Each structure stands twice: as C-alpha cells, then as structure tokens.
Amino acid sequence: MSVTPTAGEATVAHDDKEGVLSLEFRGDAREYFRIWAVNLCLTLLTFGIFSAWAKVRKKRYFYSNTVLDGTPFQYLGQPGVILKGRVIAAVLFLVYYASSNIFTSLLPYILAIGLVIAPWVVARSAAFNARNSAYRNMTFSFDANYLSALLTIYAWGLVPALVIGTMFDWWESAYLAALVFGLFGIAFPWWLHRLKTFIIGNTVYGGERGELSTSGGQFFKVYFMAGLIVSAAGAIGGVIAGLLFVKGEMSAVTVFMIAAPFYIGYIFAFAYVKANIANLVWNNSAIGPIRFQSTLTGSGLAKLYITNALAIIASLGLLTPWAVIRTFKYRAEHMQVQAIGPLTAFQGGDTSAVQAAGAEVAELFDLDLSL
C-alpha cells in the first residue's frame with residue numbers, strides 16, 4: 001500500500017512489510033576526490049568563505065550516496081544560512097581567543113557567558129542538523145528547548161563547578177581541582193548517557209519520537225574497559241622503560257620503544273570506546289517501527305584508523321578522500337536497519353526553518369553531538 005503526500009503533509013510510501021531493510025553506502029573515492037579537491041582549492045582561494053558551500057557539497061554527496069531500502073537520504077542545508085552561522089561562530093571564537101591570550105582578566109566572564117549559551121548551542125545544533133536531513137521527502141525534527149538542554153548538561157553542576165573554579169582561582173588548591181576533575185571523570189559516562197538520551201529522545205521523524213533504552217552503567221563499563229586497555233599499555237611501557245634504564249640505554253630509538261605502547265594503547269582504547277558506544281547507542285535506539293543493529297568492533301576500527309592514517313601521511317594528504325569513503329563504507333557494512341512494523345506509520349509534520357548558528361558554533365568548538 002502506498003500513500004501520496006498532500007500539501008503540508010508527507011507520508012512514507014512503503015509496503016507494509018517487516019524485516020531487514022537494506023542499507024548501503026555507494027560513494028566512490030574517485031568521485032569524492034574531485035569534490036574534495038575543488039572544495040579545498042576554492043576554500044583556500046576565498047579565504048574560507050567558500051567553506052559553507054563546501055560543507056553543503058560534501059554533505060549532499062554523502063547523504064545522496066547513503067541508501068536505505070533503495071531510497072537515498074537528502075541534505076537540505078543552504079550555503080548562505082551556514083555562512084551566516086559560521087560568521088557568528090567565528091566572532092565567538094575570536095572573543096574567546098582574545099580573552100584567553102590577550103585580555104586574560106576577561107576570561108572568567110567569557111566562560112560564564114559560555115555556560116549560558118552552551119545549552120542553546122546544543123539544542124540549536126541538533127535542531128538544524130535534524131531539520132536539514134530528509135528521507136523520502138520528509139524531514140527530521142528536533143523537539144527540545146533551552147531549558148531542557150540546560151537541565152540535561154548541567155543537572156549535576158560539575159561543568160559549572162569547573163568554570164566557577166576557573167573564575168575564582170580555585171585551582172590554586174590542587175586537592176580541590178583534583179576532586180572536581182576526578183568527580184567529572186567518574187561521572188562522564190553517566191553524563192554522556194544523559195546527552196545521548198536527550199538527543200535521541202527529542203529527535204522526531206514522521207511524528208514518531210526516538211527512544212534510547214540504555215543505562216549510564218553500561219556507558220561506564222565501556223570507559224572502564226578502555227581504561228584497562230590504557231593501563232595495560234602503560235604497564236608495558238613502564239616495564240620497557242625500567243629495563244632500558246637499568247641497561248643505561250637512552251636514545252631516540254629507546255624513547256620510541258617506551259612511547260610506542262602508550263600510543264598503541266591509546267589508539268585501541270579510542271577505537272574500543274568509539275565502536276562500543278556506537279553499538280550501545282544504536283542497538284538500543286528505536287524510532288517508531290524502526291530498530292537498529294550495529295556490529296562495529298574495536299579491533300576493526302583500530303585497523304581502519306591506523307591504515308587510514310598511514311595512507312594519508314604517505315600520500316601527503318592526497319588519500320584523505322579514500323580514507324573518508326572507506327570509513328563510511330565500513331560503518332554502513334556494520335549497520336542493519338530493521339522494520340518491526342509498517343513504515344506507513346510515519347507522517348510528515350512541521351518543516352519550519354532553523355538557523356545554523358548553533359550548528360556552526362558546535363562544529364567550530366569540536367562538539368560531537370552525533371549518535
């Protein structure tokens with residue numbers, strides 16, 4: 001049964017069937033290299049102005065080559081809107097840079113202002129990214145306001161405590177600084193769980209709201225295991241350092257031998273966290289009749305990161321498009337989308353515009369709000 005969208009309403013046209021929906025990424029490294037090269041050249045020639053158009057070209061390519069059940073996704077963002085957002089983000093960054101390097105007496109007040117606008121950045125970034133993502137001509141939306149974002153990211157008061165400590169020079173007390181940072185480090189997995197639940201729970205598609213059914217303890221377990229990996233690597237590095245110290249051998253080669261286990265341990269711990277957090281979130285997320293199954297592995301991601309990095313270094317950056325395409329394909333190959341009910345339940349709703357400033361601020365300050 002298929003339904004024809006009417007004005008003001010879009011409905012997913014799909015047979016009422018259940019099962020695994022095919023997901024594939026059809027991007028090609030040669031095709032993307034041309035887009036990447038043009039984007040890079042024009043961005044440099046225009047002193048960064050073209051970067052907004054470059055972002056749209058890149059996203060449209062990756063969205064249109066991500067195909068679910070035979071239908072590609074769509075990116076609807078406009079360069080002009082993104083450019084305005086980037087100008088605002090650049091101004092905010094310049095204010096922060098000036099206060100942290102020139103007018104240092106203003107830094108505490110700038111950080112306090114940052115505390116106030118951060119929830120707005122989180123909410124607006126998620127709303128902009130959702131509104132400009134579409135599938136079967138129907139956009140996603142993000143239904144959350146400033147207050148709910150503030151309560152999500154500041155509920156325990158640890159982040160404000162870090163900023164307030166900076167404002168009043170609490171860090172002159174090493175014990176107090178260690179206590180606050182230690183508490184934040186322990187609480188981080190639960191905080192991340194709150195943030196992921198907030199993002200997914202307020203994402204709407206076709207009138208269906210997303211759900212995430214995990215616990216903070218599950219997030220903590222992932223980070224705890226990553227900590228064990230880093231600790232094991234550190235122990236190996238310590239043993240090597242001790243043996244070399246006893247022998248009195250200290251050279252560039254020995255320094256590398258001591259540092260190598262730390263770097264390798266970090267890469268594997270990072271890949272382990274990325275893979276298992278992604279699996280944890282996707283495997284416990286749902287939106288309407290749609291469920292997901294992610295099968296990423298830490299070893300697989302670590303191998304991907306290492307080979308990509310070596311290829312990019314060896315080619316002086318020219319293999320960057322190849323590495324990006326390879327990463328997208330790897331993730332698509334390890335993702336299944338399952339329908340446990342008819343997709344005709346999805347119906348379109350509000351399509352009002354959302355400004356890009358929040359999204360560009362989040363991107364400039366490297367805030368990861370993705371799943």
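A brief report on the enclosed structure follows. Just so you know, these numbers come straight off a predicted model, no measurement behind them.

Let's shift gears to the pairing of strand S8 (residues 208-212). Taken together, the 2 bridges between strand S7 (residues 203-205) and S8 define a ladder with antiparallel strand orientation. If you follow Val204 over to S8, its bridge partner there is Arg209. Hairpin geometry of S7 and S8 is characterised by an intervening segment of 2 residues between the two adjacent antiparallel strands and by a positive phi of about 60 degrees at Gly206. As defined by bridge partners, S8 adjoins strand S9 (residues 285-287) across 3 bridges and the pair is classed as antiparallel. Counterpart to Leu212 in the pairing with S9 is Ser285.

Take the pairing of strand S4 (residues 71-75) next. Note: strand S3 (residues 66-68) against S4, 2 bridges, orientation antiparallel. Each residue of the ladder has a partner; that of Val67, found in S4, is Pro72. Hairpin geometry of S3 and S4 is characterised by an intervening segment of 2 residues between the two adjacent antiparallel strands and by a positive phi of about 55 degrees at Asp69.

Residues Ile88, Leu92, Ile113, Val116, Ile117, Trp120, Tyr146, Leu147 and Leu151 make up a contiguous nonpolar surface patch of roughly 780 Å² in combined accessible area. Mapped onto the nonpolar patch, the elements with two or more residues apiece are helix H3 (79-101), helix H4 (107-131) and helix H5 (146-154). In terms of residue count, the dominant contributor to the nonpolar patch is H4 (4 residues). Position of Leu147 relative to the elements: it lies in helix H5. By relative accessible area, Leu147 is classed as exposed at 52%.

Attention now goes to the packing of aromatic side chains. Tallying each qualifying case throughout the model produces 20 aromatic pairs. Feature note: the residues Phe25, Tyr32, Tyr61, Phe62 and Phe328 constitute an aromatic cluster, connected by ring pairs.

Rules of the game
- Residues numbered from 1 in each chain as written.
- Predicted model: local features only at pLDDT ≥ 70, side-chain atom pairs only at ≥ 80, totals over all residues.
- Heavy atoms only, no water.
- Pairing = 2+ DSSP bridges.
- Helix = DSSP H or I, 4+ residues; strand = E, 2+ residues; numbered from the N terminus.
- Patch = residues over 30% accessible without salt bridge, like charges linked within 9 Å, V, L, I, M, F, W, Y side chains within 5 Å.
- Areas by Shrake-Rupley, 256 points an atom, 1.4 Å probe, with all protein chains shown as cover.
- Salt bridge = Lys/Arg side-chain N within 4 Å of Asp/Glu carboxyl O.
- Buried < 20%, exposed > 50% of the residue type's maximum accessible area, 1.4 Å probe, protein only.
- Phe/Tyr/Trp six-rings, centres within 6.5 Å; stacked < 30°, edge-to-face > 60°.

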